[in-house]
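In case you want the letters, here they are:
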Amino acid sequence: MSERVVLVGYGPVGARLVDGLLPAVRDERIDLTVIGAETHDVYNRVLLAEYAVGRAERDGLDMGDRLVAEDAGVRFTLGMTVVGVDRDRRVVRLHDGIRIPYDRLVLATGARANVPTLAGLERAQRHRAARPGVPAELDRGTAPLPRGVVALRDLTDAEHVRAAVSAGQRIVVLGAGVLGMELALAAAEAGAEVVVAYHSAAPMNRTLDENGGRVLAAAATAVGVEMMHHARAESIVQRYDDHGQAWFDGLVCADGKVLAGDLLVLSCGVAARTEVASLAGLAISSGVLVDGASRSWTDPDVFAIGDCAHVADPADAGADGRVPGGPSGLIGPGWRQADRLAALLSSGASGTVADAAGAVSAAPAPVERPGVVMLKAQGIDVVAGGAVDADPFSHAPGCHGPQVTLWADPARGAYVKLVTVDGVLTGFVALGMPRTGAELTLLFERGSELPADRSSLLRLDAPDTGMAVVADPFAADATVCWCNGVSAGVIRDAVAAGEPTVACVKASTRAGTGCGGCVGRISELLAREAVPA
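Since we're looking at a predicted model, the values are computed, not measured. (Residues numbered from 1 in each chain as written. Predicted model: local features only at pLDDT ≥ 70, side-chain atom pairs only at ≥ 80, totals over all residues. Heavy atoms only, no water.)

Caption draft 1: Broad picture of the sheet that holds strand β15 (residues 258-260). Across the sheet, three strands lie side by side as β13-β14-β15; this open sheet has antiparallel pairing. Unpaired on one side and paired on the other, β13 (233-240) and β15 mark the two borders of the sheet. Looking at each pair of strands side by side, their axes are set apart by 35° on average, direction ignored. The pairing of strand β14 (residues 246-253) with β15 spans three bridges and is antiparallel. Bridging across to β15, valine 252 finds its partner in valine 258. (Pairing = 2+ DSSP bridges. Helix = DSSP H or I, 4+ residues; strand = E, 2+ residues; numbered from the N terminus. Axes fitted to C-alpha atoms, helices over the stretch in contact; angles between N-to-C directions.)

Encoded structure:
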């Protein structure tokens, strides 16, 4: 008899799980039902900004193939909201009253954009005391965002931004994280007037150190983006059109300054969608608490993957109930969770670990490779990884602890910071130094020691450089696509077996189908192989 698996959520991570389960569905070992709140087929949310500024077309966002899945036997229920889970009866309840039974339940509900506590947005903020069974209150406040305010989390938001960019309107971006900066720089390049407001002293403060952020701010200013640091937003002001409808007109800061604009884009982070899990009585923290096999701490028949999943060891829970860590917020780890869970469900394994005495415990959390953040922006190269806040003057040479090397040329937008422990790179920032950044990325990934002469890395970006790199960024084992963990060797094999194009590489290896930050490296690799990209 087929095992009934119900998947709640049909985003990129959910779609990856569907792909992984297709062989078991075809063999009738798994009976799979997919429930999605949106009516659209799955699309890549990471690339919404690319679409919003006109760099990508709508069909370029599509992921997966629902028709293939349906032909295999997968049932899709789209445009539906789950309002309850009866774990005793193993039944999922939809907002229209339909009940779907399950043997295994997988939550891939993702994350929602945070709506900041600004006057004028109060009714759009989702209240934690949402009433069970009311679909709208599971995911939003009592009213939608005001006209002219978007969070860029779905296609509707992207269409609003696309229209504003096409019309050359003034866009105010609240928040200067990676996504906010990517959108601001791309929109400015496309002809929009853009201002970025952020609380901190420098942008991307969770990824870059303050000096690196200031160099980035200067580079953004040079290409036409107005950067407003220490801007503590307090409220919005609205204007009324000829029909009496209110529209966003400006962002009011604590110092009284009003940042006028036609569109406000909220880029204030995200929070895991845990409402369904909470209503089902599952343990939650920053997300749905799961072990290394993505299994709920509370119920062995419930799993969570992607942005809603907080992977942690139950033994790490503190006496106060707090659990360290949280959802990764990146598509790569979510895809790897989906791949592992597909293998687990297809095999019928329990996903638990038994010791020598036969005692069963939760599967240990897998060790994720350290992440590297790359800013996708034309003409502004930014890459960073690891912890970069170490003070360069806190440790004397030869002392134990992190050692910091700095090099800065703010006048030309170049900055490098290296953090090492016992000579091994543990954190780095590279701005305006693309070759150095690529080299540091590879050294960081491999946990390699840096050369004794750190300045040799800087000379990689010299116009007349003839030096050999410390490590070949296109060696067979060098990672090109971080989202899917695809190496240069795998890409070369794919090119040898098919057409030598980026599209072929994407189709055969999935490289470049996540955040899109590696497409340039794929093209460079193809060029190095003396084939057209």
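Additional details are given in the paragraphs that follow.
Caption draft 2: Focus on the pattern of salt bridges. The final tally for this structure, using the stated rule, is 25 salt bridges. A salt bridge links arginine 29 to aspartate 27; the nearest nitrogen and oxygen atoms lie 3.4 Å apart. With relative accessibility at 38%, the residue arginine 29 sits in the partly exposed group. With a shortest N-O distance of 2.4 Å, arginine 66 and aspartate 41 are connected by a salt bridge. Of this pair, arginine 66 sits in helix α3 (residues 66-72) while aspartate 41 sits in the loop between β2 (30-36) and α2 (48-52), and the two are 25 residues apart along the sequence. (Salt bridge = Lys/Arg side-chain N within 4 Å of Asp/Glu carboxyl O. Buried < 20%, exposed > 50% of the residue type's maximum accessible area, 1.4 Å probe, protein only.)

Caption draft 3: Just the pairing of strand β10 (residues 170-174), in detail. Of all five residues making up β10, five are buried, and the element is well covered by its neighbours. The two faces of β10 match: Arg170, Val172 and Leu174 on one face and Ile171 and Val173 on the other face are all buried. The sheet contact formed by β10 and strand β11 (residues 193-197) spans five bridges and is parallel. Pairing of leucine 174 across the sheet is with alanine 197, part of β11. Handedness of the crossover joining β10 and β11 through helix α6 (residues 178-189) is recorded here as right-handed. (Right-handed = clockwise from strand over helix to strand, strands pointing away.)

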